[in-house]
Amino acid sequence: RLGIAQSVIFTGRIPYEESIKLLHASDIHVSTALSDSCPSSILEAMVCKKPNVVADNPGIREWINNGRNGLIFSKKDYVELAKRILLLVENPQYAKNITERAFHHVLKRVNWEKSKILFHNTIEDVVHIKKIS
């Protein structure tokens, strides 16, 4: 009805491997999460050099500097969301600049080895707690 079927894919739940393939094939990453402070998909988009348009949540601003390395919109403000998407579509050089800054920002800030160890330890803790219960 809106005439966007050729430009937008609503996938529903998909396996992780498929989501990465779709991310690489996309032009813009949008996250409308209402409560997730920083979904991993935002960092993945940064690494894949896809511009982020994300709902404002606690922790988002730790990674996204609005207008510099991504775009933030107010939760549930879908008019603002649409304007942010159009800004990127209509200004490809601006979108490219945002993605380059985002890519370098995430590479500087994330310690991949430390994150892997912390994630592994968290999983072990959860499994251990579950066994005790």
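Residues numbered from 1 in each chain as written. Predicted model: local features only at pLDDT ≥ 70, side-chain atom pairs only at ≥ 80, totals over all residues. Heavy atoms only, no water.

Chemist: Residues and numbers for the overall build of the protein, please.
Modeler: In terms of regular secondary structure, the protein is built from 6 helices and 3 strands. Mapped in sequence order, the helices and strands of the protein form the string α-β-α-β-α-β-α-α-α. The buried share among the 133 residues of the protein stands at 28%. Here the contacts in the protein between residues at least 6 apart in sequence split such that 43% fall between residues at least 24 apart. (Helix = DSSP H or I, 4+ residues; strand = E, 2+ residues; numbered from the N terminus. Buried < 20%, exposed > 50% of the residue type's maximum accessible area, 1.4 Å probe, protein only. Contact = heavy atoms within 4.5 Å.)

Chemist: Describe helix α2 (residues 40-47), with residues and values.
Modeler: Restricting attention to buried positions, one finds in α2 the residues Ile42, Leu43, Ala45 and Met46. End-on, the buried residues of α2 take up no more than an arc of 160°, which puts them together on one face. (Arc of directions from axis to C-beta.)

Chemist: Any details on the side chain of serine 26? Residues and values, ideally.
Modeler: For serine 26, the position within the fold is in the loop between α1 (16-25) and β1 (29-31). At 2.7 Å, the side chain of serine 26 and the backbone oxygen of leucine 23 are in polar contact. (Polar contact = N/O pair within 3.5 Å; in protein donor to acceptor, adjacent residues only side chain to side chain.)

Chemist: How would you explain the sheet that holds β1 if you had to name every residue and give the values?
Modeler: Taken together, the 3 strands give an open sheet; going across it, the order is β1-β2-β3, and neighbouring strands pair in parallel fashion. Single-partner strands in this sheet number two, and they are β1 and β3 (71-73). Each adjacent strand pair in this sheet contributes to an overall mean axis angle of 15°, direction not counted. Where β1 lies against strand β2 (residues 52-55), 3 bridges are found, and the strand directions are parallel. Bridge pairing in β2 links histidine 29 to asparagine 52. (Pairing = 2+ DSSP bridges. Axes fitted to C-alpha atoms, helices over the stretch in contact; angles between N-to-C directions.)

Chemist: Mind laying out the packing of α2 against helix α5 (residues 92-109), listing which residues take part and the relevant values?
Modeler: Relative orientation of the contacting elements α2 and α5 amounts to 115°, with a least axis distance of 7 Å. The orientation of α2 relative to α5 falls into the category roughly perpendicular. For the pair α2 and α5, the crossing hand works out as left-handed. Residues Leu43, Met46 and Val47 of α2 lie in contact with α5, whose contacting residues are Ala102, Phe103, His105 and Val106. (Parallel < 35°, antiparallel > 145°, perpendicular 65-115°, else oblique. Left-handed = near helix turned anticlockwise from the far one by under 90°.)

Chemist: Just give me the short version of the confidence of the model for the protein, but keep the residues and values in it.
Modeler: Averaged over the protein, the pLDDT score is 86; the fraction of residues at 70 or greater is 92%. Within the protein, the lowest mean pLDDT, 69, falls on helix α6 (residues 112-132), and the highest, 97, falls on β3. (pLDDT = per-residue confidence, 0-100.)

Chemist: How would you explain a nonpolar patch on the surface if you had to name every residue and give the values?
Modeler: A contiguous nonpolar patch, built from Leu2, Ile4, Val8 and Phe10 and spanning about 440 Å² of accessible area, is present on the exposed surface. Mapped onto the elements of the fold, isoleucine 4 is located in the segment before α1. Looking at isoleucine 4, the relative accessible area reads 35%, which means it is partly exposed. (Patch = residues over 30% accessible without salt bridge, like charges linked within 9 Å, V, L, I, M, F, W, Y side chains within 5 Å. Areas by Shrake-Rupley, 256 points an atom, 1.4 Å probe, with all protein chains shown as cover. Salt bridge = Lys/Arg side-chain N within 4 Å of Asp/Glu carboxyl O.)

Chemist: Before we move on, could you go through the packing of aromatic side chains and cite the residues and values that matter?
Modeler: In total, this model carries 0 aromatic pairs according to the counting rule given. Positioned above the aromatic ring of phenylalanine 103, the side-chain terminus of lysine 49 is 4.4 Å from the ring centre. A cation over an aromatic ring shows up here: arginine 109 above the ring of tryptophan 63, its NZ or CZ 4.3 Å from the ring centre. (Phe/Tyr/Trp six-rings, centres within 6.5 Å; stacked < 30°, edge-to-face > 60°. Lys NZ or Arg CZ within 6 Å of the ring centre and 35° of its normal.)

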